[in-house]
Amino acid sequence: AQSVAQPEDQVNVAEGNPLTVKCTYSVSGNPYLFWYVQYPNRGLQFLLKYITGDNLVKGSYGFEAEFNKSQTSFHLKKPSALVSDSALYFCAVRKENNRLAFGKGNQVVVIP
Amino acid sequence: SQTIHQWPATLVQPVGSPLSLECTVEGTSNPNLYWYRQAAGRGLQLLFYSVGIGQISSEVPQNLSASRPQDRQFILSSKKLLLSDSGFYLCAWSPNYYEQYFGPGTRLTVT
């Protein structure tokens, strides 16, 4: 079954430092992968997706993600974190039935 | 551009009362529509999925139901709420079978 794992519950990073949020996937066939961000009491916002093509995918708000087939990973990255990036981040994969399977979420805390 | 609306934004209901949450999408036609529930522990649970008017797929057995009376309207209902129905309810739409776009959510507290 298609699934994703987000191994860390929380990521703390100092403002201005690089931010990485980890995601690994398990799929049969080609993976379709997504990242979302959720601010408190708000809906999820779509950041970026990998369907095919370049392994480095650029998304909204300066975020990018690197697809690594050999490591079955799709880590979200930002070169310089902002305090406003503090939020909950979800990785997701499209399942065989065209639904999305979400990870448990990663709380990111950017420290001023 | 497309917009998704949910209402109400917050709701406090007693156990045993009925529920009706509404979701509408503007600026697109024939979207796939989804209802999710997010419990306090942050995980997302898919409740219902619709590919067209009157076509509803249920992901988990529960005392909730969904309907799609119009192309861009998706309603989540219950005849009798349980305490365990409390949570953050999110509606989402998709133009295809890839990314989904979420509404602002409804915070439901069952007392």
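Residues numbered from 1 in each chain as written. Chains lettered and ligands numbered in written order. Predicted model: local features only at pLDDT ≥ 70, side-chain atom pairs only at ≥ 80, totals over all residues. Heavy atoms only, no water.

J.: What's the story with the overall build of chain B in this structure? I'm lost.
T.: In terms of regular secondary structure, chain B is built from 0 helices and 11 strands. A compact globule built from 111 residues should have a C-alpha radius of gyration of about 13 Å, and chain B, at 13 Å, falls within 12% of that. Reported as C-alpha extents along the three principal axes, the dimensions of chain B are approximately 35 × 25 × 20 Å. Going through the 111 residues of chain B one by one, you find that 47% of them count as buried. Partitioning the intrachain contacts of chain B with sequence separation of at least 6 by distance along the chain shows that 53% fall at a separation of at least 24. About 5,000 Å² of surface is accessible on chain B, with carbon and sulfur atoms providing 53% of the total. (Helix = DSSP H or I, 4+ residues; strand = E, 2+ residues; numbered from the N terminus. Rg over C-alpha atoms; globule rule 2.2 N^0.38 Å. Buried < 20%, exposed > 50% of the residue type's maximum accessible area, 1.4 Å probe, protein only. Contact = heavy atoms within 4.5 Å. Areas by Shrake-Rupley, 256 points an atom, 1.4 Å probe, with all protein chains shown as cover.)

J.: So what exactly am I meant to see when it comes to the pattern of salt bridges here?
T.: When the charged atoms of two side chains lie near each other, side chains of opposite charge can form a pair. As enumerated under the stated definition, the model contains 8 salt bridges over all chains in all. A salt bridge links Lys104(A) to Asp9(A); the nearest nitrogen and oxygen atoms lie 2.8 Å apart. Of the two residues, Lys104(A) sits in the loop between strand S11 (100-102) and strand S12 (106-111) while Asp9(A) sits in the loop between strand S1 (3-5) and strand S2 (10-14), which places them 95 residues apart along the sequence. Residue Lys104(A) is classed as partly exposed on the basis of its relative accessible area of 39%. The partner of Arg68(B) in a salt bridge is Asp71(B), with the nearest N and O atoms 3.3 Å apart. (Salt bridge = Lys/Arg side-chain N within 4 Å of Asp/Glu carboxyl O.)

J.: Where do I start with the nonpolar core in this structure?
T.: If you look at soluble globular proteins, the nonpolar side chains tend to sit buried side by side. By size, the foremost hydrophobic cluster in this structure holds 27 residues, and its most contacted members are Trp35(A), Leu76(A) and Tyr89(A). Of all the elements in the fold, those that place two or more residues in this core are S2, strand S3 (19-21), strand S5 (33-38), strand S6 (44-50), strand S8 (64-68), strand S9 (73-78), strand S10 (87-94) and S12 of chain A. Top contributing element to this core by residue count: S10(A), with 4 residues. If near-sequence neighbours (up to four positions away) are discounted, Leu76(A) is found in contact with Leu19(A), Thr20(A), Val21(A), Trp35(A), Leu47(A), Leu48(A), Phe63(A), Glu64(A), Ala65(A) and Tyr89(A). Ranked by size, the runner-up nonpolar core spans 20 residues in total, among them Leu47(B), Phe48(B), Leu64(B) and Leu81(B). (Core = buried A, V, L, I, M, F, W, Y, C linked by side-chain atoms within 4.5 Å.)

J.: So what exactly am I meant to see when it comes to the sheet that holds strand S7 (residues 64-70) of chain B here?
T.: Across a sheet, paired strands are connected by hydrogen bonds in the backbone, their directions being either parallel or antiparallel. Residues and elements named next belong to chain B. Taking strand neighbours across the sheet as the criterion, the 4 strands line up as S1-S3-S8-S7 in an open arrangement whose pairing is antiparallel. Of all the strands in the sheet, the pair left with one neighbour each is strand S1 (3-7) and S7. Direction aside, the axes of adjacent strands within the sheet are offset by 20° on average. As judged from the 5 bridges shared by S7 and strand S8 (residues 73-78), these two strands associate in the antiparallel manner. Of the residues in S8, the one forming a bridge with Ala 66 is Leu 76. (Pairing = 2+ DSSP bridges. Axes fitted to C-alpha atoms, helices over the stretch in contact; angles between N-to-C directions.)

J.: Quick question: what am I supposed to make of the packing of aromatic side chains here?
T.: The geometry of an aromatic ring pair is captured by the separation of the ring centres together with the interplanar angle, meaning the angle of the planes. What the rule picks out here adds up to 17 aromatic pairs over all chains. Measuring from ring centre to ring centre gives 5.8 Å for Tyr25(A) and Phe67(A), while their planes differ by 20°; the resulting arrangement is stacked. Note that Tyr25(A) is positioned in strand S4 (residues 24-26) and Phe67(A) in strand S8, a separation of 42 residues in sequence. There is no split in this pair, since Tyr25(A) and Phe67(A) are both buried. Ring centres 6.4 Å apart and planes at 55° place the aromatic pair Tyr50(A) and Phe74(A) in the tilted group. With Tyr50(A) in strand S6 and Phe74(A) in strand S9, this pair connects stretches of sequence that are 24 residues apart. Each of the two residues, Tyr50(A) as well as Phe74(A), counts as buried. An aromatic cluster is present here, built from Tyr36(A), Phe46(A), Phe90(A), Phe102(A), Tyr34(B), Tyr36(B), Tyr49(B), Trp93(B), Tyr101(B) and Phe102(B) joined pairwise through their rings. (Phe/Tyr/Trp six-rings, centres within 6.5 Å; stacked < 30°, edge-to-face > 60°.)

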